[in-house]
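# Fold and contact review
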Amino acid sequence: MNVLLLGSGGREHALAWKLAQSPQMGQFYALPGNPGIAEHADIIEGIPLSAHDMLVTWCKDHGIAFVVVGPEAPLVAGLVDRLAQAGITAFGPTAAAARLEGSKLFTKELCKANGIPTAAYAGFTDAASAIAYVEAEGAPIVVKADGLMAGKGVVVALTVEEAVTAVEQVFAGGGTEVLIEEFMEGEEASLFALVDGETVLAFGSAQDHKRAFDGDLGPNTGGMGAYSPAPVLTPELEERAMREIIAPTAKAMVAAGTPYRGVLYAGLMLTKAGPKLVEYNCRFGDPECQVLMPRFSGDLLEVLHATATGRLAGVTPRWSADSAITVVYASKGYPGPHPNGSEIKGIANASGDGVLVFQAGTKRMGNALVSNGGRVLAVTATGADLAAARDRAYAAIGRIGWPDGFYRTDIGWRALGVKPPCPKA
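Residues numbered from 1 in each chain as written. Predicted model: local features only at pLDDT ≥ 70, side-chain atom pairs only at ≥ 80, totals over all residues. Heavy atoms only, no water.

## Brief notes about the sheet that holds strand S2 (residues 28-32)
In a beta sheet, neighbouring strands are held together by backbone hydrogen bonds and run either parallel or antiparallel to one another. Spatially, S3-S2-S1-S4-S5 is the arrangement adopted by the 5 strands of the open sheet, whose pairing is parallel. Of all strands in the sheet, those bounded by a partner on one side alone are strand S3 (42-43) and strand S5 (89-91). Pairing between strand S4 (residues 66-69) and S5: 3 bridges, direction parallel. Bridge pairing in S5 places valine 68 opposite phenylalanine 91. Contacts from helix H2 (residues 52-61) reach strand S1 (3-7), S2 and S4 within the one sheet, and its direction differs from that of S1 by about 155 degrees. Against the sheet, helix H11 (residues 300-308) makes contact with S1, S4 and S5, and its axis sits at roughly 110 degrees relative to S5, the strand it touches most. (Pairing = 2+ DSSP bridges. Helix = DSSP H or I, 4+ residues; strand = E, 2+ residues; numbered from the N terminus. Contact = heavy atoms within 4.5 Å. Axes fitted to C-alpha atoms, helices over the stretch in contact; angles between N-to-C directions.)

## Here's the deal with the environment of proline 339
Take proline 339: it is sitting in the loop between strand S17 (323-331) and helix H12 (347-350). A C-alpha to C-alpha distance of 27 Å links proline 339 and alanine 381, two positions 42 residues apart in sequence. Dropping the residues within four chain positions of it, proline 339 is found in contact with Ser331, Lys332 and Ser371.

## Some words on the environment of proline 259
Within the secondary structure, proline 259 is located in the loop between helix H9 (235-255) and strand S15 (261-271). Sequence separation between proline 259 and lysine 363 is 104 residues; the distance between their C-alpha atoms is 38 Å. Discounting chain neighbours no more than four positions away, the residues touching proline 259 are Ala97, Gly197, Met253 and Val254.

## Some points on the packing of aromatic side chains
The tally for this structure, following the rule as stated, stands at 14 aromatic pairs. With centroids separated by 6.0 Å and ring planes inclined at 65 degrees, the aromatic side chains of tryptophan 17 and phenylalanine 358 adopt a geometry described as edge-to-face. Here phenylalanine 358 lies in strand S18 (residues 355-359) and tryptophan 17 lies in helix H1 (residues 10-19), a separation of 341 residues in the sequence. In this structure, tryptophan 17 and phenylalanine 358 share a single accessibility class: buried. Here the aromatic cluster, defined as three or more aromatic residues joined through ring pairs, consists of Phe91, Phe192, Phe203, Tyr265, Phe284, Phe296 and Trp319. (Phe/Tyr/Trp six-rings, centres within 6.5 Å; stacked < 30°, edge-to-face > 60°. Buried < 20%, exposed > 50% of the residue type's maximum accessible area, 1.4 Å probe, protein only.)

## Some thoughts on the pattern of salt bridges
Applying the stated rule across the entire model yields 16 salt bridges. A salt bridge links glutamate 181 to lysine 108; its shortest N-O distance comes to 3.2 Å. Here the residue glutamate 181 occupies a position in strand S9 (residues 178-182), and lysine 108 occupies one in helix H6 (residues 104-114), the gap between them amounting to 73 residues. Under the relative-accessibility criterion, glutamate 181 is labelled buried at 4%. Members of the salt-bridge network, linked through shared partners, are Lys108, Lys144, Glu181 and Glu279. (Salt bridge = Lys/Arg side-chain N within 4 Å of Asp/Glu carboxyl O.)

The values are spatial; any link to function lies outside them.
Structure (structure tokens):
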């Protein structure tokens, strides 16, 4: 079948790499893509992801049978609905179902109505009421901007003053609603599930590192690295999360007339009382996707298409026993202002022998590959265990020549139980 992949990040490069291996693949296109994705698919230019009608016309003209939507914004904006109206199958939820990511308050209310374990919360549409609530509840407390925030709209405030500042920043930045949640103690983990309505299927686990610098210090980012599987999410806890969180969510969405189809990414807090939902995302994580794809040993195109067409029952994902780890190589200054356009050398030298370098913020300038974003590369390695994968990834990243980049040297420390400097080769 002819396939179109939408997106341009490291997540989409990982998806492109895996999708291209399918024997069912016909013509493979990507929009807008990046230089790494271009190694697997024909890049389409000149059509914005927000131009739904233009996308539909292009798909019809090129015989596209299946569209895989990588990022969340087109999903929340209703691209899958528009494609469905044109008779084109797509992987990803409708706009109504994507509210699970698009509105944190929608998700919290769904959890409350269906007994799904999550943090206690309150929603506010003005700063004064939110601040009064924070002052009454005390700290630590969590402040979340409602809506799509690219993984960065959350502040875990350790003091009331910090929480008040976070609330003020949400409304000063144009936010219209803020969610205040109780602080949950425990370790976070990411659980991915494929959902084709009421049928749910666990599809891997991971843990990521949100803070910019070693030791989990610095500002929140979209993710500086990840590893899979997440040892803390034991088979027993995973089964419980699927039974108590994922399955009831899918059932509730069907009951509401807005069935969810796609990947459902659950951020979990593993508390003493059991797994609780932190939040949902309606797409694969980035950089979590970069560690899931090298471990998945099945036909990704077949599985995603089965999900999109309601044929998930009977599908059994196959996974490698290896561990995988990815280290994000970011522009100095990220997640704040940072320069673009500096040359990156040595990716070919870093790749191979269990190492994949997924590109995110890159572009071509003549024959040179240059930086073009905050998170630029995701250096990913597999190994018999996490320590072996970690050492392989850091050895590879040391073979890349890019003086304007930085990376954390302690990715995987939670699972490994230590925070030593990692070898750079």
